[in-house]
Amino acid sequence: MSQMSNPLCYTLEPALPPDQFIALLRDSGLGERRPIDDPARIADMLRHADITLTARTSAGQLVGVSRALTDFAYCTYLSDLAVAKAFQRQGIGKELIHRTHQAAGLHTTLILLAAPAAESYYPHIGMKQHPSCWIIPRGK
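Calculation criteria
- Residues numbered from 1 in each chain as written.
- Predicted model: local features only at pLDDT ≥ 70, side-chain atom pairs only at ≥ 80, totals over all residues.
- Heavy atoms only, no water.
- Axes fitted to C-alpha atoms, helices over the stretch in contact; angles between N-to-C directions.
- Helix = DSSP H or I, 4+ residues; strand = E, 2+ residues; numbered from the N terminus.
- Parallel < 35°, antiparallel > 145°, perpendicular 65-115°, else oblique.
- Contact = heavy atoms within 4.5 Å.
- Nonpolar A, V, L, I, M, F, W, Y, C, P; charged D, E, K, R; others polar.
- 1 Å grid on protein atoms, 1.4 Å probe; cavity = no way out; pocket = protein on both sides within 12 Å on 5 of 7 lines; lining within 4 Å.
- Points joined across faces, edges and corners; volume = space filled by probe spheres on them.
- Core = buried A, V, L, I, M, F, W, Y, C linked by side-chain atoms within 4.5 Å.
- Buried < 20%, exposed > 50% of the residue type's maximum accessible area, 1.4 Å probe, protein only.
- Salt bridge = Lys/Arg side-chain N within 4 Å of Asp/Glu carboxyl O.

**Student:** Help me out: how do you make sense of the packing of helix H1 (residues 18-28) against helix H2 (residues 39-47) in this one?
**Tutor:** Helix-helix packing is characterised by the crossing angle of the two axes and by the distance between the axes. Here H1 crosses H2 at 100°, and the two axes come no closer than 9 Å. Taken together, the axis directions place H1 and H2 in an arrangement best described as roughly perpendicular. Side by side, H1 and H2 meet where Pro18, Phe21, Ile22 and Leu25 of the first sit next to Pro39, Ile42, Ala43 and Leu46 of the second. Broken down by class, the residue content of the contact of H1 with H2 amounts to eight nonpolar, no polar and no charged.

Next up, the structure:
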(Lines give C-alpha, C1' and ligand atoms only; values in the text may rest on other atoms or scores of the structure.)
Protein backbone atom coordinates (compact mmCIF):
# COMPACT_ATOMS: atom_id res chain seq x y z
CA MET A 1 0.00 0.00 0.00
CA SER A 2 1.35 3.40 -0.98
CA GLN A 3 1.49 6.10 1.65
CA MET A 4 0.38 9.51 0.42
CA SER A 5 2.69 12.21 1.73
CA ASN A 6 0.81 14.99 -0.09
CA PRO A 7 -2.92 15.34 -0.52
CA LEU A 8 -4.44 14.41 -3.83
CA CYS A 9 -5.88 16.87 -6.30
CA TYR A 10 -9.43 16.00 -7.38
CA THR A 11 -10.39 17.68 -10.65
CA LEU A 12 -13.12 17.55 -13.25
CA GLU A 13 -11.12 16.48 -16.29
CA PRO A 14 -13.42 16.12 -19.33
CA ALA A 15 -10.44 15.91 -21.71
CA LEU A 16 -8.73 13.02 -19.90
CA PRO A 17 -6.45 11.35 -22.46
CA PRO A 18 -7.65 7.83 -23.34
CA ASP A 19 -4.16 6.35 -22.92
CA GLN A 20 -4.02 7.57 -19.30
CA PHE A 21 -7.48 6.16 -18.61
CA ILE A 22 -6.53 2.81 -20.15
CA ALA A 23 -3.34 2.64 -18.05
CA LEU A 24 -5.36 3.31 -14.88
CA LEU A 25 -8.01 0.75 -15.83
CA ARG A 26 -5.22 -1.83 -16.20
CA ASP A 27 -3.57 -0.81 -12.92
CA SER A 28 -6.82 -0.83 -10.95
CA GLY A 29 -8.01 -4.25 -12.08
CA LEU A 30 -11.07 -2.77 -13.81
CA GLY A 31 -9.41 -3.29 -17.18
CA GLU A 32 -10.63 -6.90 -17.15
CA ARG A 33 -14.17 -5.55 -17.55
CA ARG A 34 -13.55 -2.69 -19.99
CA PRO A 35 -12.61 -2.60 -23.71
CA ILE A 36 -9.00 -1.54 -23.06
CA ASP A 37 -7.82 -3.10 -26.34
CA ASP A 38 -10.12 -0.75 -28.28
CA PRO A 39 -8.72 2.78 -27.77
CA ALA A 40 -11.30 4.34 -30.10
CA ARG A 41 -14.13 2.93 -27.97
CA ILE A 42 -12.43 4.15 -24.77
CA ALA A 43 -12.10 7.61 -26.38
CA ASP A 44 -15.84 7.55 -27.16
CA MET A 45 -16.62 6.51 -23.58
CA LEU A 46 -14.67 9.49 -22.27
CA ARG A 47 -16.01 11.96 -24.85
CA HIS A 48 -19.64 11.12 -24.10
CA ALA A 49 -19.37 11.11 -20.31
CA ASP A 50 -21.09 13.96 -18.49
CA ILE A 51 -18.65 13.86 -15.57
CA THR A 52 -15.05 12.66 -15.60
CA LEU A 53 -13.38 13.26 -12.26
CA THR A 54 -9.75 12.44 -11.58
CA ALA A 55 -7.54 12.03 -8.53
CA ARG A 56 -3.88 12.90 -9.09
CA THR A 57 -0.85 13.10 -6.83
CA SER A 58 0.98 16.41 -6.44
CA ALA A 59 3.40 15.09 -9.09
CA GLY A 60 0.49 14.66 -11.53
CA GLN A 61 0.27 10.87 -11.37
CA LEU A 62 -3.25 9.68 -12.18
CA VAL A 63 -4.37 7.41 -9.32
CA GLY A 64 -8.16 7.50 -9.60
CA VAL A 65 -11.02 8.19 -12.03
CA SER A 66 -14.77 8.23 -11.84
CA ARG A 67 -16.83 8.52 -15.02
CA ALA A 68 -20.55 9.19 -14.91
CA LEU A 69 -23.58 9.83 -17.10
CA THR A 70 -26.26 12.09 -15.67
CA ASP A 71 -29.23 14.31 -16.49
CA PHE A 72 -28.24 16.59 -13.57
CA ALA A 73 -31.88 16.48 -12.44
CA TYR A 74 -32.92 12.99 -11.38
CA CYS A 75 -30.30 10.27 -11.82
CA THR A 76 -26.57 9.77 -12.13
CA TYR A 77 -25.08 6.53 -13.40
CA LEU A 78 -21.54 6.03 -12.14
CA SER A 79 -20.18 3.88 -14.93
CA ASP A 80 -16.52 3.64 -13.93
CA LEU A 81 -14.74 3.90 -10.59
CA ALA A 82 -11.06 2.99 -10.80
CA VAL A 83 -8.27 3.47 -8.26
CA ALA A 84 -4.69 2.32 -8.83
CA LYS A 85 -3.97 -0.80 -6.77
CA ALA A 86 -1.16 0.89 -4.80
CA PHE A 87 -3.61 3.61 -3.73
CA GLN A 88 -6.63 1.47 -2.85
CA ARG A 89 -8.00 1.34 0.71
CA GLN A 90 -7.13 4.98 1.36
CA GLY A 91 -10.57 6.54 0.84
CA ILE A 92 -9.94 7.68 -2.74
CA GLY A 93 -12.86 5.71 -4.21
CA LYS A 94 -15.22 7.02 -1.57
CA GLU A 95 -14.06 10.59 -2.23
CA LEU A 96 -14.44 10.16 -6.00
CA ILE A 97 -18.00 8.90 -5.50
CA HIS A 98 -18.83 11.81 -3.18
CA ARG A 99 -17.39 14.44 -5.52
CA THR A 100 -19.03 12.88 -8.57
CA HIS A 101 -22.40 12.97 -6.81
CA GLN A 102 -21.79 16.61 -5.82
CA ALA A 103 -20.93 17.52 -9.44
CA ALA A 104 -24.13 15.87 -10.68
CA GLY A 105 -26.22 17.29 -7.87
CA LEU A 106 -26.98 15.65 -4.55
CA HIS A 107 -30.67 15.76 -5.51
CA THR A 108 -29.94 13.02 -8.08
CA THR A 109 -29.92 9.33 -7.23
CA LEU A 110 -26.46 7.87 -7.80
CA ILE A 111 -26.59 4.42 -9.38
CA LEU A 112 -23.81 1.94 -10.14
CA LEU A 113 -23.37 -1.68 -11.10
CA ALA A 114 -20.63 -3.22 -8.98
CA ALA A 115 -17.90 -5.39 -10.42
CA PRO A 116 -18.14 -8.78 -8.69
CA ALA A 117 -14.81 -8.25 -6.89
CA ALA A 118 -16.03 -4.91 -5.50
CA GLU A 119 -19.50 -5.90 -4.25
CA SER A 120 -18.45 -5.88 -0.59
CA TYR A 121 -16.88 -2.41 -0.89
CA TYR A 122 -20.02 -0.38 -1.52
CA PRO A 123 -21.98 -1.24 1.64
CA HIS A 124 -18.80 -0.46 3.60
CA ILE A 125 -18.94 3.17 2.39
CA GLY A 126 -22.63 3.59 3.08
CA MET A 127 -24.26 2.70 -0.23
CA LYS A 128 -27.47 0.67 -0.27
CA GLN A 129 -28.09 -2.29 -2.53
CA HIS A 130 -31.15 -1.99 -4.74
CA PRO A 131 -33.14 -5.23 -5.04
CA SER A 132 -34.09 -4.89 -8.70
CA CYS A 133 -31.83 -4.00 -11.57
CA TRP A 134 -32.57 -5.16 -15.07
CA ILE A 135 -30.23 -4.99 -18.03
CA ILE A 136 -30.13 -5.82 -21.71
CA PRO A 137 -26.56 -7.10 -22.26
CA ARG A 138 -24.36 -5.55 -24.93
CA GLY A 139 -24.77 -7.07 -28.36
CA LYS A 140 -21.80 -8.67 -29.99
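Now that the structure is up, let's keep going.
**Student:** I'm lost on the layout of surface pockets in this one. Help?
**Tutor:** Left-over empty space is what a probe sized like a water molecule reveals as it rolls over the atoms. Its volume calculated, the second largest pocket comes out at about 590 Å³. If you trace the second largest pocket, you find 16 residues lining it, with Leu112, Leu113, Lys128, Gln129 and His130 closest to the centre. Sorting the residues of the lining of the second largest pocket by element identifies strand E5 (109-111) and helix H4 (121-124) as the ones contributing at least two each. Per-element tally for the lining of the second largest pocket: the top contributor is E5, with three residues.

**Student:** Where do I start with the nonpolar core in this structure?
**Tutor:** The tendency in soluble globular proteins is for nonpolar side chains to be buried as a group. Among the nonpolar cores identified, the biggest contains 33 residues, and Phe21, Leu25, Ile42, Ala55, Ile92, Leu96 and Ile97 are the most heavily contacted of them. Beyond its immediate stretch of four places on either side in the chain, Leu25 contacts Leu30, Gly31, Arg34, Ile36, Ile42 and Ala82.

**Student:** It is not clear to me how the environment of Ile92 should be interpreted in this structure. Could you clarify?
**Tutor:** As for its placement among the helices and strands, Ile92 is situated in helix H3 (residues 92-104). Between the C-alpha atoms of Ile92 and Val63, which are 29 residues apart in sequence, the distance is 8.6 Å.

**Student:** Help me out: how do you make sense of the pattern of salt bridges in this one?
**Tutor:** Any two side chains of opposite charge can pair, given that their charged atoms come close. Applying the stated criterion across every chain yields a total of six salt bridges. Note that Arg56 and Glu13 form a salt bridge whose closest N and O atoms lie 2.8 Å from each other. In this pair, Arg56 sits in strand E2 (residues 51-56) while Glu13 sits in the loop between strand E1 (9-12) and H1, placing the two residues 43 residues apart along the sequence. The pair Arg56 / Glu13 is uniform in exposure class, with both members buried. In this structure, Asp80 engages Arg34 in a salt bridge whose closest nitrogen and oxygen atoms are separated by 2.3 Å. Note that Asp80 is positioned in strand E4 (residues 75-83) and Arg34 in the loop between H1 and H2, a separation of 46 residues in sequence.

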